[in-house]
Amino acid sequence: MAQKPIELILARQLSSHLAMPIFIVDPDGTLLYYNEPAELILGIRFEENGEMPADEWSTIFTPTNQDGSDLPPEELPLMIALTKRCPSHKSFQIRSFDGLVRNIQVTAFPITGQGNRFLGAMAIFWENNQ
Amino acid sequence: MTTITIWGCRGSLATPGAEFDKYGGNTSCVQITGNDGTILILDAGTGLSDLGKTVKEPSKKYNLLLTHLHMDHIQGMGFFPPFFNPEAEVNIWGPSSTTMNLRTRLTRYMSPPLFPVTLRDLPCKLTLNEVHHDSFKIGPFKISSDLIGHVGPTVGYRIECADGVITYIPDHEPALGVVNFPLERQWTSGSALAANADILIHDAQYSDKEYNKCQGWGHSAFNDTLKFAAQARVKHLIPFHHDPSHTDDNLDQLISETVGSQKLEFKVTAARERAVFKLPVLNTQDPVKKPNQE
């Protein structure tokens, strides 16, 4: 498998040292990495899961609006950061792998590297009851 | 045949003195000469001054590949004769930053008060090329550059030719922030540049004990460099960028303690000023004579 750009390698290394849950995706939306605090929210370890395509992760956690209505994948902050290449923030619900429904807030932003290369996006999320 | 000549392998600060005579005190500069005479110069540390003394064809074309613009990698620029020859053609490759192009960044050094001659006043035919994640050809060489983990915008170079593959990553801290270094190749900085290289010239500035106090400064512990080389499956590792506080005796001891205790599947030869390596013959090291030895 090809080596990741240094910006993503450093982003992963930074994420692995932070106590905030973090998601990193590539320009295609493939989930490249999430850290240990994110594992607690998602209910599954990254090592068990590995990389995951966008159409899978954007639906697998069954995201819904706060009122319970469906939240289309394209309205997720991480997808907005990817497609519109701008920061995005939203509160919504997910059903994690352990079956629990969790209220979370997500802030996502695009990752632009040296030479203005678009390298993907990063999302930081919080559980609302924390 | 392709030859690789080390003109400077000291890290951070030039270190003259008898106690540094074996490995040398000049900072980063490596010359690669292709089988057609094409010359690549990797970094312009103080070693470039000695390389400049060997220039016999001032009107020739010179290709200078800078990994980054820390002082120990550019301080020899003002002492390389072709820069001052209107007939010479000098092409420089190096990284821009996110806000400044390569010319602006180089001019910060090549201008008063740091240096009396400005970049724009150099009489040679000068061309600047910005590199990040790029691929280009110079003579018989196919060169790939990629950003690597160091402090500030820094690239490493993978140089391929018919005689083999040389990878040059003189300043590199791939172990930064990694609990059990190395992670898989895809998550290891510089791994694509170094993969299966015949010769890897790589940062090995610190002992493990020193590295614990210098994490985040952009350099590697010798042991981490061995792990990096093993993961990349290189054939010959040349530890480089020796710490300016390490005397010849200190370096011999560091090499003995780290390399001597391990079973490695590749050859290790610590970089030494004026050492010459050859491709495809890998086990030759013929030091270039110093002027006072001639």
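Above this note sits the structure.
Here the structure is a predicted model, which means the values were calculated and not measured. (Residues numbered from 1 in each chain as written. Chains lettered and ligands numbered in written order. Predicted model: local features only at pLDDT ≥ 70, side-chain atom pairs only at ≥ 80, totals over all residues. Heavy atoms only, no water.)

Caption draft 1: Region of interest: helix α1 (residues 6-15) of chain A. Most of α1 of chain A sits inside the fold, with eight of its 10 residues counted as buried. Along α1 of chain A, the positions that sit buried rather than exposed are Ile6, Glu7, Leu8, Ile9, Ala11, Arg12, Gln13 and Ser15 of chain A. The inward-facing, buried residues of α1 of chain A abut β1 (22-25), β2 (31-34), α3 (46-49), β4 (101-112) and β5 (118-127) of chain A together with β8 (141-147) of chain B. (Buried < 20%, exposed > 50% of the residue type's maximum accessible area, 1.4 Å probe, protein only. Helix = DSSP H or I, 4+ residues; strand = E, 2+ residues; numbered from the N terminus. Contact = heavy atoms within 4.5 Å.)

Caption draft 2: Geometry of the pattern of salt bridges. All names here are of chain B. The full count for this structure, using the stated rule, is 11 salt bridges over all chains. In this structure, Glu89 engages Lys61 in a salt bridge whose closest nitrogen and oxygen atoms are separated by 4.0 Å. You can see Glu89 sitting in strand β5 (residues 89-94) and its partner Lys61 sitting in strand β4 (residues 61-65), a full 28 residues away along the chain. Of the residues examined, Glu89 reaches a relative accessible area of 29% and is grouped as partly exposed. Between Lys227 and Asp224 there is a salt bridge; the shortest N-O distance is 3.9 Å. (Salt bridge = Lys/Arg side-chain N within 4 Å of Asp/Glu carboxyl O.)

Caption draft 3: How the structure looks around the sheet that holds β8 of chain B. Residue and element names in this part refer to chain B. Ordered in space as β7-β8-β9-β10-β11-β12-β13, the seven strands form an open sheet in which the pairing is mixed. The open sheet has two edge strands, β7 (134-138) and β13 (267-268), and neither has a second partner. Pairing of strand β11 (residues 199-203) with strand β12 (residues 236-240), which is carried by four bridges, proceeds in the parallel orientation. Within the sheet, the bridge partner assigned to His202 lies in β12 and is Pro239. Against the sheet, helix α5 (residues 222-232) engages β10 (164-169), β11, β12 and β13, with an angle of about 150° to β11. (Pairing = 2+ DSSP bridges. Axes fitted to C-alpha atoms, helices over the stretch in contact; angles between N-to-C directions.)

Caption draft 4: Focus on the nonpolar core. Membership of the largest hydrophobic core comes to 70 residues, with the highest contact counts inside it found for Phe23 and Trp57 of chain A. Looking at this core element by element, the count peaks at seven residues for β5 of chain A. In this structure, Ala204, Leu226, Ile255 and Val259 of chain B belong to the second largest nonpolar core, which totals 29 residues. (Core = buried A, V, L, I, M, F, W, Y, C linked by side-chain atoms within 4.5 Å.)

Caption draft 5: Fine view of the interface of chain A and chain B. Each partner contributes residues to the interface: chain A has 18 residues there, and chain B has 24 residues. Contact between chain A and chain B buries roughly 1600 Å² in total, counting both sides, with carbon and sulfur atoms accounting for 59%. The tally of links from chain A across to chain B stands at zero salt bridges. For the interface between chain A and chain B, the tally reads six residue pairs in polar contact (both at pLDDT 80 or more). Of all elements in the fold, only α1 and β2 of chain A reach the threshold of two or more residues within the side of chain A that touches chain B. In the side of chain A that touches chain B, the residues fall into seven nonpolar, six polar and five charged. (Buried area = accessible area lost by both parts, 1.4 Å probe. Polar contact = N/O pair within 3.5 Å; in protein donor to acceptor, adjacent residues only side chain to side chain. Nonpolar A, V, L, I, M, F, W, Y, C, P; charged D, E, K, R; others polar.)

Caption draft 6: Up close: the sheet that holds strand β6 (residues 125-130) of chain B. All names here are of chain B. Spatially, β6-β5-β4-β3-β2-β1-β14 is the arrangement adopted by the seven strands of the open sheet, whose pairing is mixed. Every interior strand has two partners, whereas the edge strands, β6 and β14 (276-279), have only one. The average angle at which neighbouring strand axes cross in this sheet is 20°, direction not considered. The pairing of β4 with β5 spans five bridges and is classified as parallel.

Caption draft 7: A look at the packing of α5 of chain B against helix α6 (residues 248-259) of chain B. All names here are of chain B. Closest axis-to-axis distance for the α5/α6 pair is 10 Å, and the angle between their directions is 50°. By the angle between their axes, α5 is oblique relative to α6. Relative to α6, the crossing made by α5 is right-handed. In contact with Phe222, Asn223 and Leu226 of α5, α6 contributes Leu254, Ile255, Thr258 and Val259. Of the residues contributing to the contact of α5 with α6, the split by class is five nonpolar, two polar and no charged. (Parallel < 35°, antiparallel > 145°, perpendicular 65-115°, else oblique. Left-handed = near helix turned anticlockwise from the far one by under 90°.)

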